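The chain contents come next:
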Amino acid sequence: MFPNSSNLGRPPFPPKHQQPSNFFNKLPLNIPPTLLSHQQIIDAQFNFQNAALSRALLSGNLATLPAVTPQPLTYGNGSPVHTSAAPTSFRGRKRLSEQNVPYGVKRQRFHSPHRETTVVNQTVPLPEERRYSFPGSIPSQLFHARYVPDLTGCVPPLRDASFSDPVETTLPVAKDKLSQQVLELFQACQQQTSDLNRKELCRTELQREIQRIFPQSRLFLVGSSLNGFGTRSSDGDLCLVVKEEPVNQKTEARHILSLVQKLFSTKLSSYIERPQLIRAKVPIVKFRDKVSCVEFDLNVNNVVGIRNTFLLRTYAYIENRVRPLVLVVKKWASFHDINDASRGTLSSYSLVLMVLHYLQTLPEPILPSLQKNYPDSFDPTMQLHLVHQAPCTIPPYLSKNGSSLGDLLIGFFKYYATEFDWSHQMISVREAKAIPRPDGIEWRNKFICVEAIE
């Protein structure tokens, strides 16, 4: 994977043999609503336990005492939340390794020679609160909202014909052992509806609290949680949009995030832990939600991430071999400790782009360039409230390439190990081909050059 290496094709060090984990145990699929207040539930449980204790003491039979179950963790509004059955002590290898990373470390970034300044045009819509949606907000004079009545107004519906629920997606047929192993890994590790539910619930609660400081703001769930490439251990990415205009990331964004960090470490400390302000090129607040047991990164007005979420989601679902192949490559990279941008290796975003680029450059391509074929649907100046509509209008891509998942996985490694010219080429999903490597100073001493897709 890395040029100028004497151990090409070999892991940089012996693989680690991990202990078995029950992290992939099935999680509850739904979070049932409750009609009782939190205090009513506590009172009812308390009265029941007191009554049982009295009966046991009177009868002299303490063995009949009911088992006392711990109270579920709750958010600030007191609503009981059913958390995952996964052990709360579990955290992915990448997260464990990041705990000792200095505050000032800069996350991996990609620069495009064709980059255009992203502007949030005119208005940011404020649709009503909905599941899996861009968050709702309160009415304001700054944003003139145009409400969307359907329940999937801002995120491609997970049960739409073109973007089916992952459980119901037709997977490719495995004709060999390696392809079967890829499919089995994908089915075991892909993000479940319950995982997305927990992230969405946290987003909803945090937006409610943040709007007390920034009334016109909106909190977006972005990244792998929604783009189709998430796993059960994926963290959550949040984008806080505070205004229509771009925000200076060095000054204004840092100030806003410092206020958010203070909110998290004081008022919300009962369910938000370890909030850290990372002063990177695009600053973020990293934190862990104790209710959902999910790690989150929160940025301010980095709206290109919102656009990229839907572009990648389109790539994920127009061909049924894309998601399994991406997941197994990400797992491979994580296993060999080369999937951590904060430590100078590959980010999950770059790995996704590498897989997409490979599938675009086959003699018989499996993926097109969506930005070239559908320029109007992925216009970088498109208003945010229209971005979600593009994936619903793109038909599935019918490729004549019938290669199995196993063949594609082997071909992926062969392409980057023996065919791609690292010294003179850059990976470009936008162009669906390798393009000349730029001569800019930011590209010097870089082993792998990937063009950002925005």
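Here is what the cut-offs are and how they apply
Residues numbered from 1 in each chain as written. Predicted model: local features only at pLDDT ≥ 70, side-chain atom pairs only at ≥ 80, totals over all residues. Heavy atoms only, no water. Axes fitted to C-alpha atoms, helices over the stretch in contact; angles between N-to-C directions. Helix = DSSP H or I, 4+ residues; strand = E, 2+ residues; numbered from the N terminus. Parallel < 35°, antiparallel > 145°, perpendicular 65-115°, else oblique. Contact = heavy atoms within 4.5 Å. Nonpolar A, V, L, I, M, F, W, Y, C, P; charged D, E, K, R; others polar. Phe/Tyr/Trp six-rings, centres within 6.5 Å; stacked < 30°, edge-to-face > 60°. Buried < 20%, exposed > 50% of the residue type's maximum accessible area, 1.4 Å probe, protein only. Salt bridge = Lys/Arg side-chain N within 4 Å of Asp/Glu carboxyl O. Pairing = 2+ DSSP bridges. Polar contact = N/O pair within 3.5 Å; in protein donor to acceptor, adjacent residues only side chain to side chain. pLDDT = per-residue confidence, 0-100. Core = buried A, V, L, I, M, F, W, Y, C linked by side-chain atoms within 4.5 Å.

S.K.: Any chance you could break down the packing of helix H3 (residues 177-189) against helix H8 (residues 322-335) for me, citing the residues and the numbers?
M.R.: The interhelical angle for the contact between H3 and H8, taken along N-to-C directions, is 85°, at an axis separation of 9 Å. One finds that H3 runs roughly perpendicular with respect to H8. When H3 is examined against H8, the residues Val182, Leu183, Leu185, Phe186 and Cys189 are found in contact with a partner set consisting of Arg323, Pro324, Leu327, Val328 and Lys331. Classifying every residue of the contact of H3 with H8 gives eight nonpolar, no polar and two charged.

S.K.: Let's hear about the packing of H3 against helix H13 (residues 405-419): which residues, and what values?
M.R.: Any two packed helices are characterised by how steeply their axes cross, that is the angle between the axes, and by the distance between the axes. With their axes 7 Å apart at the nearest point, H3 and H13 run at an angle of 90° to one another. Taken as axis vectors, H3 and H13 run roughly perpendicular relative to one another. Of the residues in H13, those touching H3 at Leu178, Ser179, Val182 and Leu183 are Leu405, Gly406, Leu409 and Ile410. Its residues assigned to classes, the contact of H3 with H13 comprises six nonpolar, two polar and no charged.

S.K.: A description of the packing of aromatic side chains should follow, citing residues and the corresponding values.
M.R.: Here the structure, examined in full by the defined rule, presents 12 aromatic pairs. With a centroid separation of 5.3 Å and 15° between ring planes, the pair formed by Phe287 and Phe296 is classed as stacked. By relative accessible area, which is 1% here, Phe287 ends up buried. On the basis of relative accessibility, which here comes to 0%, the residue Phe296 falls in the buried class. Measuring from ring centre to ring centre gives 5.1 Å for Phe412 and Tyr416, while their planes differ by 70°; the resulting arrangement is edge-to-face. Of this pair, Phe412 and Tyr416 both sit in helix H13, separated by four residues, roughly a single helical turn. No difference in accessibility class separates Phe412 from Tyr416, as the two residues are buried. Ring pairs connect the aromatic residues Trp332, Tyr358, Phe412, Phe413, Tyr415, Tyr416, Phe420 and Trp422, which therefore count as one cluster.

S.K.: Residue-level account of the pattern of salt bridges, with values.
M.R.: The full count for this structure, using the stated rule, is 16 salt bridges. For the salt bridge of Arg203 with Glu200, the shortest nitrogen-to-oxygen distance reads 2.8 Å. Residue Arg203 and its partner Glu200 are located together in helix H4 (residues 193-210), separated by three residues, close to a single helical turn. Of the charged contacts, one joins Glu431 and Arg430 as a salt bridge, the two residues approaching to 2.5 Å between their closest N and O atoms. Judged by relative accessible area, Arg430 falls into the buried class, the value being 15%. Salt bridges here are not isolated pairs; linked through shared partners, they connect Glu273, Arg274, Arg288 and Glu295.

S.K.: Give a detailed account of the pairing of strand S2 (residues 236-241), specifying residues and quantitative values.
M.R.: Counting buried positions over the six residues of S2 gives six, a clear majority of the element. With five bridges joining them, strand S1 (residues 218-222) and S2 adopt antiparallel strand pairing. Looking at S2, one finds that Val222 is bridged to Asp237. One ladder, built from five bridges, connects S2 with strand S5 (residues 294-300); its direction is parallel. Note that in S5 the partner of Asp237 across the bridge is Asp297.

S.K.: Explain the environment of Gln190 to me, and be specific about the residues and the numbers.
M.R.: Position of Gln190 relative to the elements: it lies in the loop between H3 and H4. In this structure the C-alpha to C-alpha distance between Gln190 and Thr231, which are 41 residues apart in sequence, comes to 4.4 Å. At 3.3 Å, the side chain of Gln190 and the side chain of Arg323 are in polar contact.

S.K.: Mind laying out the confidence of the model for the protein chain, listing which residues take part and the relevant values?
M.R.: The share of residues in the protein chain with pLDDT of 70 or more is 63%, and the mean pLDDT across the chain is 75. When mean pLDDT is compared element by element in the protein chain, H13 scores highest at 98, while helix H1 (residues 38-59) scores lowest at 42. This model gives residues 1-60 a pLDDT under 50, and the stretch forms 69 contacts once residues within four places in sequence are excluded. Overall, residues 82-167 carries pLDDT values under 50, and its contacts beyond four positions in sequence, including any with other chains, amount to 214 contacts.

S.K.: Quick one: what's the story with the nonpolar core, residue by residue and with numbers?
M.R.: Counting 45 residues, the largest nonpolar core has Leu325, Met354, Leu356, Tyr358, Leu359 and Tyr416 as the members making the most contacts within it. Those elements that provide at least two residues to this core are H3, helix H7 (304-317), H8, helix H9 (348-360) and H13. The dominant element in this core, judged by the number of residues it contributes, is H9, at eight residues. Other than its neighbours up to four places away in sequence, Leu356 contacts Leu312, Tyr315, Val322, Leu367 and Val429. Grouped together as the second largest cluster of nonpolar side chains are 30 residues, Ile210, Leu263, Leu268 and Val300 included.

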